[in-house]
Amino acid sequence: MFVIGLTGGIGTGKTEVTHVLRDLGAVIIESDKVAHLSYRPGTDAYEEIVEQFGKEVIDDSGVIDRAKLGGLVFADPDLRIQLETIVWPAVRGCITERLIQEKERGTKIIVIEVPKLFEAGWEDLADSIWTVEAPSASIAQRVNVRSNLSETQKNARVQAQMTKWERAERADLLIENSAELVDLRERITNLWRTNPEIQNAINN
Ligand code: ATP
């Protein structure tokens, strides 16, 4: 099984890249989704979050209100680190378990989408790390269309990540998503067809 760690800045097109890779036959693990599951009611992470952040982060149905928690932690780097200290080990545990299951199932190519893969120090989970980046102007435009975050909130989220240059230097492959979506699809498809490690994993 060949494991691709997919990272990149906020709104750079990571999800679009996973859509193409899924169409090509890869299994995708989205770490953000895993994170939400890792702190569902009844988990240790849930208890720890409530203990550290108080009952005000729980909504009426007893679930952790991600918007509220996000508002708190992106306004205060110390709180963000506290939350990451709780959530990252739980998420890593879930991803590791999932990787074992997929291997047993005979999955050939798996993609773990982790926006903060380098910050979390999870390079060892992947055989190859790809980072998706895009020009700031394109990101601003794309993210504006989609989200209702204020300028300050968006900046706080960007500040909480490494810079694109740091990621590009550490990744095995840089995908510049600066053109149309069709171009991105074509680029990823070409990569898939020509990458020896991917082809090796598929044919073995
Ligand atoms: P996040 O960090 O918030 O999870 P992301 O990196 O997964 O974001 P996407 O959700 O894939 O980014 O892309 C952000 C938005 O930009 C989406 O609405 C997507 O459809 C759009 N988008 C991505 N790439 C392009 C492109 N090349 N041309 C036009 N729109 C694009």
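The coordinates are above.
About the thresholds
Residues numbered from 1 in each chain as written. Predicted model: local features only at pLDDT ≥ 70, side-chain atom pairs only at ≥ 80, totals over all residues. Heavy atoms only, no water. Core = buried A, V, L, I, M, F, W, Y, C linked by side-chain atoms within 4.5 Å. Buried < 20%, exposed > 50% of the residue type's maximum accessible area, 1.4 Å probe, protein only. Helix = DSSP H or I, 4+ residues; strand = E, 2+ residues; numbered from the N terminus. Contact = heavy atoms within 4.5 Å. Axes fitted to C-alpha atoms, helices over the stretch in contact; angles between N-to-C directions. Parallel < 35°, antiparallel > 145°, perpendicular 65-115°, else oblique. Left-handed = near helix turned anticlockwise from the far one by under 90°. Nonpolar A, V, L, I, M, F, W, Y, C, P; charged D, E, K, R; others polar. Salt bridge = Lys/Arg side-chain N within 4 Å of Asp/Glu carboxyl O. Near = heavy atom within 4 Å. Polar contact = N/O pair within 3.5 Å; in protein donor to acceptor, adjacent residues only side chain to side chain. Areas by Shrake-Rupley, 256 points an atom, 1.4 Å probe, with all protein chains shown as cover. Patch = residues over 30% accessible without salt bridge, like charges linked within 9 Å, V, L, I, M, F, W, Y side chains within 5 Å. Lys, Arg positive; Asp, Glu negative; His and termini not counted. Charge placed at Lys NZ, Arg CZ, Asp CG, Glu CD.

## Structural notes on the nonpolar core
If you look at the biggest cluster of nonpolar residues, it comprises 33 residues, and the most contacted ones within it are I49, F53, I95, L99, I112 and W122. Of all the elements in the fold, those that place two or more residues in this core are α2 (31–38), α3 (44–53), α4 (66–73), α5 (77–105), β3 (109–113) and α6 (117–120). The leading source of residues in this core is α5, at six residues. In this structure, F53 is in contact with L69, L72, V73, L79, Q82, L83 and I86, ignoring residues within four places of it in sequence.

## Brief notes about the packing of α2 against α5
Running from N to C, α2 and α5 cross one another at 110°; their axes reach a closest spacing of 9 Å. The orientation of α2 with respect to α5, classified from their angle, is roughly perpendicular. Considering only the axes of α2 and α5, their crossing is right-handed. Contact residues: S31, V34, A35 and S38 in α2; V87, A90, V91, C94 and I95 in α5. Across the contact of α2 with α5, the residue classes break down as seven nonpolar, two polar and no charged.

## Some thoughts on the pattern of salt bridges
According to the stated counting rule, one finds 11 salt bridges in the structure shown. Salt-bridge contacts for R185 lead to D23; the nearest nitrogen and oxygen are separated by 3.1 Å. Separated by 162 residues along the polypeptide, R185 in helix α10 (residues 181–194) and D23 in helix α1 (residues 14–24) bring together distant segments of the chain. Salt-bridge contacts for R105 lead to E102; the nearest nitrogen and oxygen are separated by 3.0 Å. Of this pair, R105 and E102 are both found in helix α5, three residues apart, which corresponds to roughly one turn of the helix. Taking the relative accessible area as the measure of exposure, E102 reaches 2% and is therefore buried. Overlapping salt bridges bring together R22, E30 and K33 as one network.

## Focus: the packing of α10 against helix α11 (residues 196–203)
The geometry of α10 relative to α11 is characterised by a closest axis approach of 5 Å and an angle of 60° between their N-to-C directions. Between α10 and α11, the contacting residues are W192, R193 and T194 on the first element and P196, I198, Q199 and I202 on the second. Here the contact of α10 with α11 is composed, by residue class, of four nonpolar, two polar and one charged.

## Some details on the site of the ligand
Every one of the 14 residues lining the ligand counts as a neighbour, but K14, T15, E16, N177 and A179 are closest to it. With respect to the ligand, the side chain of E16 contributes an N or O atom lying 2.5 Å from an oxygen atom. N177 places a polar side-chain atom, nitrogen or oxygen, 2.8 Å from a nitrogen atom of the ligand. When the ligand sits alone it has 630 Å² of accessible area, and the protein chains cover 77% of it. Going through the elements one at a time, α1 and α7 (136–146) are the ones with two or more residues in the shell around the ligand. With three residues, α1 is the largest single contributor of residues to the shell around the ligand. Tallied by class, the residues present in the shell around the ligand amount to three nonpolar, six polar and five charged.

## Section: a negative patch on the surface
Taken together, the side chains of D44, E47, E48 and E51 define an acidic patch exposed on the protein surface. Note on placement: D44 falls in helix α3. Using a relative accessible area of 61% as the deciding quantity, one classes D44 as exposed.

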